[in-house]
Amino acid sequence: MPKPFYKWDENVVLAPCPDCGGATTSFDDKGYSSTRLGTVIINGHHQYAGAGYSRILWQFFRCNVCSRGGVAKIHDNGNSQTAVLESFLPTAIEKAPLPAGLPDDIVKEFREAELDASNGAYRSGSALLRSALEKTLKKNGYDEVEYDDKGVKKKSRSLLHRIDAASDDGVITETRKKRAHENIRVLGNDILHDDWREVSPDEFDAAHKYTQRILEDLYDDRPTVESRLKAKGRLP
Ligand SMILES: [Zn+2]
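Structure report, in brief.

Conventions adopted
Throughout this document, residue positions are counted from 1 along each chain, in the order its sequence is written. Two thresholds apply to this predicted model, a pLDDT of at least 70 for residue-level local features and 80 or more for giving and counting side-chain atom pairs, whereas whole-chain, interface and lining totals are computed over all residues. Only hydrogens and water are removed before side-chain values are computed, so all heavy atoms of the structure are retained for them. Buried, partly exposed and exposed residues are distinguished by accessible area as a fraction of the type maximum, computed with a 1.4 Å probe on protein chains only: under 20%, between the cut-offs, and over 50%, respectively. Counting from the N terminus, the helices are the DSSP runs of H or I reaching at least four residues and the strands are the DSSP runs of E reaching at least two. Any two residues having at least one pair of non-hydrogen atoms within 4.5 Å are treated as being in contact. As used in this record, nonpolar core signifies buried Ala, Val, Leu, Ile, Met, Phe, Trp, Tyr and Cys residues forming a set joined through side-chain atoms within 4.5 Å. Should a side-chain nitrogen of Lys or Arg be within 4 Å of a carboxyl oxygen of Asp or Glu, the pair is scored as a salt bridge. Strands are treated as partners if at least two bridges between them are detected by DSSP. The span you would expect from a helix comes to 1.5 Å times its residue count less one.

With that settled, consider helix α3 (residues 159-168). With respect to burial, α3 is a largely interior element, seven of its 10 residues being buried. Buried within α3 are the following residues: L159, H161, R162, I163, A165, A166 and S167. In this fold, the buried residues of α3 make contact with α2 (122-139), β8 (145-149), β9 (152-156) and α4 (174-193). Backbone geometry just after α3 places G170 at a positive phi near 80°.

By size, the foremost hydrophobic cluster in this structure holds 37 residues, and its most contacted members are L133, L137, Y142, I163, F204 and I214. Broken down by secondary-structure element, the contributors of at least two residues to this core are α1 (104-118), α2, α3, α4, α5 (201-219) and α6 (222-231). Examining the composition of this core, we find that seven residues originate from one element, α5, more than from any other. When sequence neighbours within four positions are dropped, the list of residues in contact with I214 reads L133, I172, R176, A180 and I184.

Moving on, we get to the pattern of salt bridges. With the rule as written, the count across this model stands at 24 salt bridges. A salt bridge links E114 to R111, with the shortest nitrogen-to-oxygen separation between them at 2.8 Å. In this pair, E114 and R111 are both assigned in helix α1, three residues apart and thus about one turn of the helix distant. On the accessibility criterion, R111 (25% relative accessible area) is partly exposed. One salt bridge in this structure joins R197 and E203, with 3.0 Å as the shortest N-O distance. E203 sits in the partly exposed class, given a relative accessible area of 27%. Three or more residues joined by partner-sharing salt bridges are found here, namely R130, E134, D143, E144, R157 and R162.

Let us look at the pairing of strand β4 (residues 39-48). Of the strand pairs in this sheet, β4 and strand β5 (residues 51-63) are connected by eight bridges, and their pairing is antiparallel. Paired with V40 across the strands is W58, a residue of β5. Hairpin connection from β4 to β5: two residues lie between these consecutive antiparallel strands, with A49 at a positive phi of about 50°.

Between its first and last C-alpha, α1 extends 21 Å over 15 residues, near the 21 Å set by a 1.5 Å rise per residue. Three or more residues of α1 are buried, namely I106, E109, F110, A113, E114, D116, A117 and S118. Lining the buried residues of α1 we find α2 and α5. G120 sits one or two positions beyond α1 and adopts a positive phi of about 80°.

Another aspect to go through is the environment of L235. Relative to the elements of secondary structure, L235 occurs in the segment after α6. Taking relative accessible area as the criterion, L235 reaches 19% and is therefore assigned buried. For L235 and D220, which are 15 residues apart along the polypeptide, the C-alpha to C-alpha distance reads 17 Å. Apart from residues lying up to four places away in sequence, L235 is in contact with K139, N140, G141, R222, E226, L229 and K230.

Here is the structure:
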């Protein structure tokens, strides 16, 4: 995930812009008619990340693509050569493209997962991706499914069996099934049912990537998928 970066020689912040789809853009300090945007300066010696600084700057910036405003918290010793960026608002992650026919509630669930991650909330983001996967399977007829328990047919609503059923029907590939289990379901279950642990940005990234792939599998070529789902008795 791209981190905001301050280029002191140009006085710009390179950061992902939420209004530019999460693409990394350059935020500069030029306002209307090239007036400099404002800065709040707090003088005072202090420590930040193991080094001493003489002031804190809250500096206003503007995305040079869409003009959205942003605020940086910067530590320095009176000049920009010594400046270190602590944080930048707004935050964003690159939004994944979603299929056009994807139901609105799934889109919202998926986008909220991205919003969580853009704020560093990788646990809640990953839990919502699991939820998006589960809701998608339900909409596609994988609510209560049959599975084989040592030769005996049993019914199940567990996400495990619902993913397996979609793979058995050929709606998602064997590789995708593996990813759905390892990167989305197991991670989501850990978060919901196990002791607290940190979820890394990489874990979120993998869950984000494979959830998006499964949504594409199911909605990119919807007519073909729907006829398969009907043939398998999943949809009326
Ligand atoms: Zn922008």
